[in-house]
Amino acid sequence: MKFGVFFEISVPRPWGPETEYTVYQNCLEQARLADELGFDQAWAVEHHFLEEYSHCSAPEIFLTAIAMQTQQIRVGHGIVTCVPELNNPIRSAERAAVLDLVSGGRLEFGTGRSATWTELGGFGANPDETKKTWDEYVRVIPKMWTQERFSWQGRAFSMPERSILPKPYQKPHPPMWVAVTSVGTEIDAAERGLGSLGLSFGGVGEQAQKIAGYRKRIQSCDPVGEFVNEQVNTVSFLYCHEDDEKGITTGQRMAGTFNYLSEQTLATRQAYPTPSYLSPGLLYQLRQESTSGPEGRVPEGLTIGDPHRVAQAVARWEEAGVDRINFLLNVHEMVPQEDVLASMRLFAKEVMPQFQRDETPEPAGATAAGGA
């Protein structure tokens, strides 16, 4: 089991001249500490127009800052939005390659298509096309990274033959993932040989069923890249405290604040009836799952409370087949920074050693020249 940190970068009102700066500096400090404590990865979302909920519209820059201030932790695009109105696939491949180079081969490349009308509508994207353009992106970007010259005539974009430079440091290319939120996306990931980047709080039992289906299907996949990334990642809130009651209370306040912020978002299917978005949307799912436990009990899978309780939750994820857990450390800056850092230190001291076993080998081919 490996552990990471997950950044939404939520910025509370009122917004003063220093507000966003302070939040970003707090996140960078958390990333530096995560690196020192032995966390394996730091993921950053790509979101647009989501006031207070997420001010992380240029994750490649934020992740570069993390890479420059750390030594070992891997940096994860979680996710690159594979919609041409938001990101040209050529530019996505180029930026990712540069980030992999400057980080010394530490990039994890997540993909997806967004789920909110706030974002898709803001860019004038057609929701009926996003599943198709995502599929095209995950097939062409590995070719851009590995072929000396590349040309394409497709649905999302076309280009004459060119050399797309630079190439990533990891050879043949960085591990690729897809955000798994709506029903069936885990099978889409498996069929293409992509890692499953689960973005659902709680629901361990349901996740176990999806993971089993993913593991079975990926055995006969047709990989879009040069190698299969058979890894399952999930996400949870983290607040670890010596006092179990305080840990639970603070953790549940974080979940509740997250729910409140996500209420402002407009799921695509609420504004634009389309067969491409059958589920109510990622943020709705997160609201439901993060508060779905019986009254008076911590929802299953939430890593909040004292070290013993947190370790039990991690063990449940491990039993379900999860390889990695990413932790959301704070929401809306509701937890003082010193308490966030203390939670991380306590988790690293009391919980992480219980899950330190033999290292799982990286997928075949997913290595950098420097042995990342």
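Here, every reference points to the structure presented above.
Residues numbered from 1 in each chain as written. Predicted model: local features only at pLDDT ≥ 70, side-chain atom pairs only at ≥ 80, totals over all residues. Heavy atoms only, no water.

A.B. asks: Mind showing me how you'd approach unusual backbone geometry here?
C.D. replies: Glycine aside, negative phi is the norm for most residues, and most peptide bonds take the trans geometry. For the peptide bond that leads from Leu 165 to Pro 166, omega is -5 degrees, which places it in the cis range. With respect to the element layout, Pro 166 can be found in the loop between strand E6 (158–162) and strand E7 (170–171). If you check the backbone angles, His 332 has positive phi at about 60 degrees while not being a glycine. Looking at where His 332 falls in the secondary structure, it is placed in the loop between strand E12 (324–328) and helix H12 (337–351). Given a relative accessible area of 18%, His 332 falls into the buried group. Phi is positive for Glu 333, which is not a glycine, with a value near 55 degrees. With respect to the helices and strands, the residue Glu 333 is situated in the loop between E12 and H12. (Helix = DSSP H or I, 4+ residues; strand = E, 2+ residues; numbered from the N terminus. Buried < 20%, exposed > 50% of the residue type's maximum accessible area, 1.4 Å probe, protein only.)

A.B. asks: It is not clear to me how the pairing of strand E4 (residues 107–112) should be interpreted in this structure. Could you clarify?
C.D. replies: Looking down a regular strand, the side chains alternate between one sheet face and the other. In terms of burial, E4 is largely enclosed, as 6 of its 6 residues are buried. As paired elements, strand E3 (residues 74–81) and E4 share 5 bridges and run parallel to each other. Note on E4: the bridge partner recorded for Thr 81 is Gly 112. What joins E3 to E4 is helix H3 (residues 89–102), and the crossover it makes is right-handed. (Pairing = 2+ DSSP bridges. Right-handed = clockwise from strand over helix to strand, strands pointing away.)

A.B. asks: What's the story with empty space enclosed by the protein in this structure? I'm lost.
C.D. replies: Empty space among the atoms becomes apparent when a probe as large as a water molecule is rolled across them. Applying the stated criterion across every chain yields a total of 3 cavities of 30 Å³ or more. Of the pockets and cavities examined, the second largest cavity occupies roughly 150 Å³. Lining the second largest cavity we find 17 residues, and of these Glu 8, Ile 9, Ser 10, Leu 328 and Asn 330 sit closest to its centre. Looking at the lining of the second largest cavity, the elements that each hand over two or more residues are strand E1 (2–7), helix H1 (19–37) and helix H8 (244–262). (1 Å grid on protein atoms, 1.4 Å probe; cavity = no way out; pocket = protein on both sides within 12 Å on 5 of 7 lines; lining within 4 Å. Points joined across faces, edges and corners; volume = space filled by probe spheres on them.)

A.B. asks: Help me out: how do you make sense of a negative patch on the surface in this one?
C.D. replies: Taken together, the side chains of Glu 242, Asp 243, Glu 245 and Glu 350 present a region of like negative charge at the surface. You can see Asp 243 is positioned in the loop between strand E10 (232–240) and H8. (Patch = residues over 30% accessible without salt bridge, like charges linked within 9 Å, V, L, I, M, F, W, Y side chains within 5 Å. Areas by Shrake-Rupley, 256 points an atom, 1.4 Å probe, with all protein chains shown as cover. Salt bridge = Lys/Arg side-chain N within 4 Å of Asp/Glu carboxyl O. Lys, Arg positive; Asp, Glu negative; His and termini not counted. Charge placed at Lys NZ, Arg CZ, Asp CG, Glu CD.)

A.B. asks: How should I be thinking about the pattern of salt bridges in this particular structure?
C.D. replies: For side chains of opposite charge, pairing can occur when their charged atoms come near one another. Under the definition given, this model contains 20 salt bridges. Among the ionic pairs, Asp 40 bridges to Arg 324, the shortest N-O distance being 4.0 Å. In this pair, Asp 40 is assigned in the loop between H1 and strand E2 (41–44) and Arg 324 in strand E12, connecting sequence segments 284 residues apart. Arg 324 matches Asp 40 in its accessibility class, with the two residues each being buried.

Scope: geometric values only; no functional claims are made or implied.
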